[in-house]
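Structural overview
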There are 2 protein chains.
Amino acid sequence: MHEPADDALAARLPAGVLREVAPAYLEEPRGRYLGRAGLVAAPRTTDEVAAVVRACAEARVGIVPRGGGTGLVSGQVMPDGPAPLILSLERMTALRGAWPEENVLVAEAGMTLQAVRDAAEAAGRLFPLSLASQGTAAIGGCLATNAGGVTALRYGSARALCLGIEAVLPDGSVVHDLKRLRKDNTGYDIRDLLIGAEGTLGIITAASLKLVVPPPNVGVAMLQVPDPAAALTLLALAEGRMAGGVTAFELIGGQGPAFLAEVLPEIRQPLPGADWSVLIEVGLPEGLAPDAALEGLLVDAMERGLVLDGVIAQSGQQAADFWSLREHIPEANRRIGAIASHDISLPLSEIAGFIRDAGAALAGHGVRINCFGHLGDGNLHYNLFPAAGRQRGDYDALRPALSRLVHRMVVDRGGSFSAEHGVGRLKVAELAEWGDPARLAAMRAIKRALDPLGIMNPGAVLSAGA
Amino acid sequence: MHEPADDALAARLPAGVLREVAPAYLEEPRGRYLGRAGLVAAPRTTDEVAAVVRACAEARVGIVPRGGGTGLVSGQVMPDGPAPLILSLERMTALRGAWPEENVLVAEAGMTLQAVRDAAEAAGRLFPLSLASQGTAAIGGCLATNAGGVTALRYGSARALCLGIEAVLPDGSVVHDLKRLRKDNTGYDIRDLLIGAEGTLGIITAASLKLVVPPPNVGVAMLQVPDPAAALTLLALAEGRMAGGVTAFELIGGQGPAFLAEVLPEIRQPLPGADWSVLIEVGLPEGLAPDAALEGLLVDAMERGLVLDGVIAQSGQQAADFWSLREHIPEANRRIGAIASHDISLPLSEIAGFIRDAGAALAGHGVRINCFGHLGDGNLHYNLFPAAGRQRGDYDALRPALSRLVHRMVVDRGGSFSAEHGVGRLKVAELAEWGDPARLAAMRAIKRALDPLGIMNPGAVLSAGA
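Note that the coordinates shown come from a computational prediction; the quantities given were computed from them, not determined experimentally. (Residues numbered from 1 in each chain as written. Chains lettered and ligands numbered in written order. Predicted model: local features only at pLDDT ≥ 70, side-chain atom pairs only at ≥ 80, totals over all residues. Heavy atoms only, no water.)

1. Observations concerning the nonpolar core
Heads up, the rule is: In this description, a nonpolar core means a group of buried Ala, Val, Leu, Ile, Met, Phe, Trp, Tyr and Cys residues linked to one another through side-chain atoms lying within 4.5 Å. Relative accessibility decides the category of a residue: with a 1.4 Å probe and only protein chains considered, values under 20% of the type maximum give buried, values over 50% give exposed, and everything between is partly exposed. Two residues form a contact once any of their heavy atoms are found within 4.5 Å.
Ranked by internal contacts, the top residues of the largest apolar core, which has 101 residues, are A:I280, A:F354, B:I280 and B:F354. Not counting residues up to four positions away in its chain, the partners in contact with B:I280 are B:G219, B:V220, B:A221, B:L223, B:A238, B:V246, B:A248, B:F249, B:L294 and B:L297. Among the nonpolar cores identified, the runner-up in size contains 100 residues, and A:A119, A:L143, A:A445 and B:C142 belong to it.

See below:
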C-alpha cells in the first residue's frame with residue numbers, strides 16, 4: 001500500500017505511531033470525496049506529533065490532520081496529489097485538567113466535543129459549543145474549523161470559547177500557550193490565527209477552554225412567524241427583553257418539517273403546517289421563571305404581529321422534543337438527498353431579501369428549498385432538493401450553476417459563502433475568486449512564512465503552490 | 001525641523017495631509033517618554049493612508065500610527081532611532097453607517113470610543129467597551145491594542161466586539177473586510193491578527209463593531225468582602241445566579257479608597273474603611289428587578305460568609321457615585337505618584353495566592369500597594385507607591401527590581417505581564433524573555449512576511465530588526 005518513499009518515512013517516525021490505512025481515514029460524511037494516504041500516524045503525545053511533523057518536513061511529505069472526520073468541506077481528506085500522511089489525533093484524548101472555580105478546562109485535541117461537554121458537566125459547568133456531530137467531532141477539529149453550532153448566538157463560535165492553545169507548527173516547534181487567562185495582550189494573536197486555519201498552519205494538540213456556569217432557568221418555545229423578516233424583529237425583541245439571555249434562535253422553514261413528516265414521521269411536530277417557525281431557547285437568572293419570561297415575549301410579539309402561534313415547553317421532555325425536531329432536519333435532508341447544500345451567512349438585515357430573491361431566482365429550476373439555521377448569527381443552511389418525484393442525479397449538470405447562483409447572491413449582499421463549515425478543499429476556488437485580494441495576499445504570505453515547504457494540509461484553504 | 005530625507009518624503013505625500021510636528025504628537029499620558037517625529041501626516045481617507053504608507057515604504061521611513069494617544073506602554077511614541085512619520089487618524093472620524101436592527105455600526109478608526117458609544121446610543125443600542133480614557137482614546141487604537149476595560153467580563157475585550165476591519169497593510173494594499181457577519185469561516189483570521197498587533201502589521205482604518213441591546217434592568221452594588229478569595233467565590237456565585245448577567249465585577253483594595261480620602265475627599269465612600277470591596281454591576285432581563293436580584297445575592301453571600309457588608313444602589317445617582325469611586329482611583333494614584341504600575345492577569349484561582357505572596361515579598365521594601373481591577377477577568381492593576389512621607393524619586397534605583405519581582409511572580413503562576421495595555425515599547429524585553437519561544441518565532445516570521453521593510457511602528461512589540 002505504501003509507496004517506497006513512505007517506507008523511508010515510516011522508519012523515521014516514533015515507534016508505535018503507525019496505524020493501518022483503513023478506509024475510515026479516507027472518508028468524509030457526505031461521501032463525495034475519497035481521500036488518499038501513504039501512511040496513517042496516531043501519535044500519543046505532543047512530542048510525538050512534533051516528531052511526526054519533523055519527519056514529514058524532512059521527507060517533504062504532506063500531512064493531513066484528522067480529528068473526528070466530521071468536517072463537511074473535505075478539509076480532512078485529500079483526494080488528489082501525492083499521497084499524504086494522515087495525522088490522527090485519536091489517541092490524544094486526555095483531559096489535562098479542570099478548574100471549575102476558574103470556568104476553565106484543558107483538553108487534548110482528540111477529545112470529542114461530547115467528551116469535553118461531559119467533563120464540563122462533571123465539574124458542574126457547561127461547555128456551550130453544541131453541534132449535531134458532537135459525539136464524533138474532535139475538539140481539535142472544532143477549533144481548526146472554528147465550528148459554530150446552535151449556541152454561537154450567545155456564547156460565540158469555537159474561537160470565542162478558547163483561551164489558549166498548544167500547537168505543533170510546520171517546523172516541528174511547539175507553541176506552549178495553554179494559558180487560563182481572560183486577558184493577555186502580549187503580542188500577535190497566534191491562537192486565533194491557528195483557530196480556523198483548518199490545519200494548514202499547524203496542528204492544535206490541546207486547548208484551554210472557557211466554561212460557563214449553567215443558567216439556573218432554561219426555557220424553550222416554538223413560535224410560528226409570518227415570515228423571516230418577522231423572525232428577525234422577534235429576535236431583536238427577545239434580545240432586548242432577555243438581556244443577553246437568548247441561547248439559541250433557530251429559523252425553520254416549512255420544507256424541513258415537511259421532509260420530517262415524509263421520512264421521519266415519528267418526530268413530533270408542535271406547529272404542523274407552519275411555513276416559518278422559530279425555536280428559541282433562553283437561559284435566565286435566578287428569580288425569573290422561564291415560562292413567565294417566554295409568555296411575556298409571546299404576548300408582546302403576538303400584539304406586534306410578529307408571532308402567529310406558539311408553544312412554550314412545559315417540561316424537559318417537551319423541550320427535548322422541540323430540539324429533536326430541529327436536530328433531525330439534517331437527517332431528513334440526508335434521506336431525501338440534497339442536490340446542493342450551502343452554509344451561508346448574511347448581514348441580518350439582508351436575510352429576508354435574500355430568501356425572497358433567491359427563492360424567486362431558483363423558482364424556475366424545479367428544486368425544493370430547505371432553508372433553516374442559526375438566524376441569530378445570520379447563518380442559514382440553504383439546501384436544494386429535487387422536486388417531488390425527481391432524483392438527485394437529474395440535477396448533476398445543473399448543480400454547479402445552482403450553487404454559483406446562491407453564492408453569488410450571498411456575496412453580493414455582503415455575506416459569506418462559508419459561515420461555519422470552513423473552506424476545506426471544497427471552497428478553495430470560491431475563496432480565491434471572492435476573497436478580498438489584499439487579505440488573500442496576506443494569507444498567502446503567512447502560509448509561506450510559517451509553512452515554507454507547504455506540508456501542512458496541502459491544498460486546503462489555499463491552493464497548493466499558491 | 002525636518003531632516004533632508006523628510007523633505008523628499010513630504011513632497012511625495014498626498015496634498016494637504018501634513019501637520020505641524022506639535023508636542024502633543026510626541027507625548028504619552030504618563031510623561032515618561034518623549035517621541036520623535038520627522039513628519040506628522042493626518043490623512044482624510046483610507047486611500048490617503050495607503051498613499052502615505054506607500055511613500056514611507058519607498059523612502060524606508062518608519063511609521064508610528066497614532067489614535068487618541070492614550071496608550072500606556074509607549075506604543076504611540078518612538079523615543080529612539082531614525083525619526084519616523086507619525087500617521088495620525090484624527091481626521092478619519094466618520095460614522096460610516098449604523099444598522100441597529102443588526103446590532104452593528106461601522107466606524108472610522110479616528111472616532112473616539114466615546115463618539116462610538118454615543119453613536120450606538122443614538123441608534124438605541126450599546127457599544128459596551130468602556131475605559132477611563134474613552135473621551136480621548138480612538139477606536140482604532142482600542143482595536144490595535146485590544147483594549148479591555150470594565151465590561152470585558154460580560155462582553156469581551158475590543159477583539160470580541162469587532163466583526164470586521166478595513167486596514168492598510170505595510171505594502172500599501174488595503175484589506176476590505178468590513179463585513180457585518182457574526183460567522184464567516186473563509187480563511188485565516190487576519191482581522192484578529194491586526195487587532196492587538198499595535199500597529200506593527202498594518203493600520204486599521206475602519207471597523208465593523210458589534211452592538212448590543214441595552215439590558216432593561218441595571219443594578220449596582222458595593223460589597224465588602226473579607227479577602228480576595230472570598231471575592232472570587234462571590235463572583236462564581238453571582239455568575240451562577242445571574243446567568244451571564246454580571247456586567248462588571250471590580251475588586252477594590254483598601255489602599256485606593258485611602259488615597260481617595262487623602263487627595264479627593266469629595267468622593268463619597270459607601271463602605272469606609274473596608275480592606276477589600278467589590279463593585280458589581282448587573283444587567284438583567286425584563287421582569288427581574290435588579291434590587292431584588294442583588295438583595296438575593298447579598299443574603300446568599302452573607303450566609304456563606306462571603307460578604308461582610310453591602311450597599312445596593314437605590315437610584316441612578318447612587319449607582320453613579322459607586323462608579324465614581326472606582327473611576328477616580330487612577331486619578332488618586334496619579335496625584336499620589338506611583339513608583340511602578342503593573343497591568344497583570346492571573347488564572348482566577350491564582351489571584352488570592354499572588355496577592356498574599358507578592359504582598360509578603362514587597363513588605364520589606366517600604367512601599368504601599370494599591371491593588372484593584374477587573375477581578376472577573378483576572379486582571380489586576382497592581383501599583384506600588386512610596387511609603388507615607390517618602391517620594392517617588394527615593395525609589396528610582398529600586399524600581400526595576402520591584403517590577404521584575406512582581407512580573408516574575410505573575411509569570412510563575414501562569415499569568416501575563418500585560419493583561420490589557422499591550423506590549424508597546426515598554427515591555428518588549430519582557431516579551432522577548434518570557435514569551436513562548438515558538439510563538440515568538442511565529443510572530444517574527446509573520447512580521448517579516450507582512451512588513452519586510454520593517455516600517456510599521458518599528459520597535460513596538462518586537463525589537464526592530466528582530
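Let's pick the thread back up.
2. So, the relation of the copies chain B and chain A
Quick note on the threshold: The copies were overlaid with a least-squares fit restricted to C-alpha atoms from residues scoring a pLDDT of at least 70 in each copy.
The operation relating chain B to chain A is a screw motion whose rotation component is 180°, with 0.0 Å of axial translation and a residual RMSD of 0.0 Å. Taken together, the turn and the small shift mark the pair as related by a two-fold rotation axis. The share of interface residues of chain B whose copies in chain A are also at the interface is 100%, consistent with both copies meeting through the same surface.

3. Some words on the sheet that holds strand 14 (residues 343-345) of chain B
Hydrogen bonds between backbone groups are what pair the strands of a sheet, and the pairing can be parallel or antiparallel. Residue and element names in this part refer to chain B. Put simply, the rule is: Any two strands between which DSSP finds at least two bridges are classified as paired. In DSSP terms, a helix is any run of H or I states spanning at least four residues, a strand is any run of E spanning at least two, and both are numbered starting from the N terminus. Here an angle of 0 to 180 degrees is reported between the N-to-C directions of two axes, which are lines fitted to C-alpha atoms, with helices fitted over the stretch in contact.
Pairing within the open sheet is antiparallel, and its seven strands lie in the order 13-10-12-11-15-16-14. Bordering the open sheet on either side are strand 13 (309-312) and strand 14, each of which pairs with just one other strand. Averaged over all pairs of adjacent strands, the angle between their axes in this sheet comes to 20°, without regard to strand direction. Both strand 10 (residues 217-224) and strand 13 contribute to a ladder of four bridges, which runs antiparallel. Bridge pairing in strand 13 places L223 opposite G310. Lying on the sheet, helix 8 (residues 255-263) is in contact with strand 11 (246-253), strand 15 (367-374) and strand 16 (379-386); it crosses strand 15 at an angle near 110°.

4. A short note on the interface of chain B and chain A
The criterion, for reference: Joining two parts hides part of their accessible area as seen by a 1.4 Å probe, and the buried area is that hidden amount summed over both. The term salt bridge refers to a pairing of a side-chain nitrogen on Lys or Arg with a carboxyl oxygen on Asp or Glu at a separation within 4 Å. Pairing of N or O atoms within 3.5 Å defines a polar contact, subject to two protein rules: one partner must be a possible hydrogen donor and the other a possible acceptor, and residues neighboring in sequence count only if both atoms are side-chain atoms. Residue classes follow a fixed rule: Ala, Val, Leu, Ile, Met, Phe, Trp, Tyr, Cys and Pro count as nonpolar, while Asp, Glu, Lys and Arg count as charged, and any other residue, Gly among them, counts as polar.
On the chain A side, the residues contacting the 86 residues of chain B number 86 residues. For chain B, the biggest contributors to the area lost against chain A are B:K183, B:N185 and B:Y188; these three give 16% of the whole. With a shortest N-O distance of 2.9 Å, A:K183 and B:E420 are connected by a salt bridge. Across the chain B-chain A interface, the total number found is 40 residue pairs in polar contact (both at pLDDT 80 or more). For the side of chain B that touches chain A, the leading source of residues is helix 14 (residues 437-450) of chain B, giving nine residues. For the side of chain B that touches chain A, a count of residues per class yields 36 nonpolar, 27 polar and 23 charged.

5. Section: the sheet that holds strand 9 (residues 203-210) of chain A
Residue and element names in this part refer to chain A. Spatially, five strands are ordered 5-6-9-7-8 in an open sheet, and the strand pairing comes out antiparallel. At either margin of the open sheet sits one strand with a lone partner, and together these are strand 5 (95-99) and strand 8 (174-177). Sheet twist, expressed as the mean angle between neighbouring strand axes with direction ignored, is 15°. Contacts from helix 2 (residues 46-59) reach strand 5, strand 7 (162-168), strand 8 and strand 9 within the one sheet, and its direction differs from that of strand 7 by about 50°. The strands touched by helix 3 (residues 113-122) within the sheet are strand 5, strand 6 (104-108) and strand 9, with strand 6 carrying the most contacts at an inclination of about 150°.

6. Re the packing of aromatic side chains
What counts, and what does not: Under the pairing criterion, centres of Phe, Tyr and Trp rings, with the six-membered ring standing for Trp, must be within 6.5 Å; the plane angle then separates stacked pairs below 30 degrees from edge-to-face pairs above 60, leaving the rest tilted. Working rule: Lys NZ or Arg CZ, within 6 Å of ring centre, within 35 degrees of ring normal, means a charge sits over the ring.
Going through the model one piece at a time under the given rule, you end up with six aromatic pairs over all chains. A ring pair is formed by A:F259 and A:F385, whose centres lie 4.8 Å apart and whose planes are at 70°; its orientation type is edge-to-face. With A:F259 in helix 8 (residues 255-263) and A:F385 in strand 16 (residues 379-386), this residue pair connects regions lying 126 residues apart in the sequence. Considered together, A:F259 and A:F385 belong to a single accessibility category, that of buried residues. The aromatic ring of B:W99 is capped on one face by B:R180, whose charged end is 4.0 Å from the ring centroid.

7. Overview of the pairing of strand 16 of chain B
All names here are of chain B. Burial runs high along strand 16: eight of the eight residues are buried. In this sheet, strand 16 lies alongside strand 14 in antiparallel orientation, the contact comprising three bridges. Directly across from S345, in strand 16, lies its bridge partner N379. Pairing analysis gives eight bridges linking strand 15 to strand 16, with the strands arranged antiparallel. Bridging from a neighbouring strand, C371 pairs with Y382 of strand 16. Connecting strand 15 to the antiparallel partner strand 16 that follows it, the hairpin turn spans four residues, and G378 within it adopts a positive phi of roughly 70°.

8. Overview of the environment of B:G364
With respect to the element layout, B:G364 can be found in the loop between helix 11 (351-362) and strand 15. The spatial distance from the C-alpha of B:G364 to the C-alpha of B:A8 is 57 Å, given a sequence separation of 356 residues.

9. Overview of the side chain of B:R326
Secondary-structure assignment places B:R326 in helix 10 (residues 316-336). Those residues in contact with B:R326, other than ones at most four positions away along the chain, are B:E250, B:I252, B:L279, B:F372, B:G373 and B:H374.

10. Focus: the pattern of salt bridges
Evaluated as defined, the whole model comprises 52 salt bridges over all chains. Notably, a salt bridge pairs A:E331 with A:R334, separated by 3.3 Å at the nearest N-O pair. Taken together, the residues span about one helical turn, with A:E331 and A:R334 both in helix 10 (residues 316-336) at a distance of three residues. Of the charged contacts in the structure, one is a salt bridge between B:R413 and B:E350, with a shortest N-O distance of 2.8 Å. Of this pair, B:R413 sits in the loop between helix 12 (399-412) and helix 13 (428-434) while B:E350 sits in the loop between strand 14 and helix 11, and the two are 63 residues apart along the sequence. On the basis of relative accessible area, B:E350 is assigned to the partly exposed category, the value being 22%. Here the salt bridges share partners, and the residues they tie into one network are A:R159, A:R191, A:D192 and B:D189.

11. Points about the pairing of strand 4 (residues 85-88) of chain B
All names here are of chain B. Taking every second residue as pointing to the same face, both faces of strand 4 are buried, with L85 and L87 on one and I86 and S88 on the other. Two strands pair when backbone bridges link them, and strand 2 (residues 39-41) and strand 4 are joined in this way by three bridges, in the parallel orientation. Bridging across to strand 4, A41 finds its partner in L87. Bridging between strand 3 (residues 63-66) and strand 4 involves four bridges; their strand directions are parallel.

12. With respect to the UniProt feature "domain: FAD-binding PCMH-type" (unreviewed entry) in chain A
As a reminder, the rule being used: UniProt positions are given in the numbering used here, feature names are shortened, and annotations may be inferred rather than shown by experiment.
UniProt records the feature "domain: FAD-binding PCMH-type" (unreviewed entry) at residues 33-214 of chain A, using the numbering of this structure. The span residues 33-214 of chain A carries 21% helix and 22% strand; its end-to-end C-alpha distance comes to 40 Å.

13. Overview of the environment of A:E430
Residues and elements named next belong to chain A. Among the structural elements, E430 can be located in helix 13 (residues 428-434). In this structure, the C-alpha to C-alpha distance between E430 and F417, residues 13 residues apart in sequence, is 7.8 Å. Every residue in contact with E430, bar those within four places of it in the chain, is listed here: H407, F417 and G435.

14. Considerations on helix 8 of chain A
Buried within helix 8 of chain A are the following residues: A:Q255, A:G256, A:P257, A:F259 and A:L260. The inward-facing, buried residues of helix 8 of chain A abut strand 11 (246-253), helix 10, strand 15 (367-374) and strand 16 of chain A.

15. Regarding the confidence of the model for chain A
For the record, the criterion: Each residue carries a pLDDT value, the predictor's own confidence for that position, ranging from 0 to 100.
Across chain A, pLDDT averages 96, with 98% of residues at or above 70. Scored by ipTM, the complex comes to 0.96, with pTM at 0.97.

16. A closer look at the environment of A:W276
All names here are of chain A. Looking at the secondary structure, you find W276 in strand 12 (residues 276-284). Note: C-alpha distance between W276 and A445 (169 residues apart in sequence) is 45 Å. With sequence-adjacent residues up to four places away left out, W276 is seen in contact with L223, Q224, V225, P226, D227, P228, L251, I252, G253, I355 and C371.

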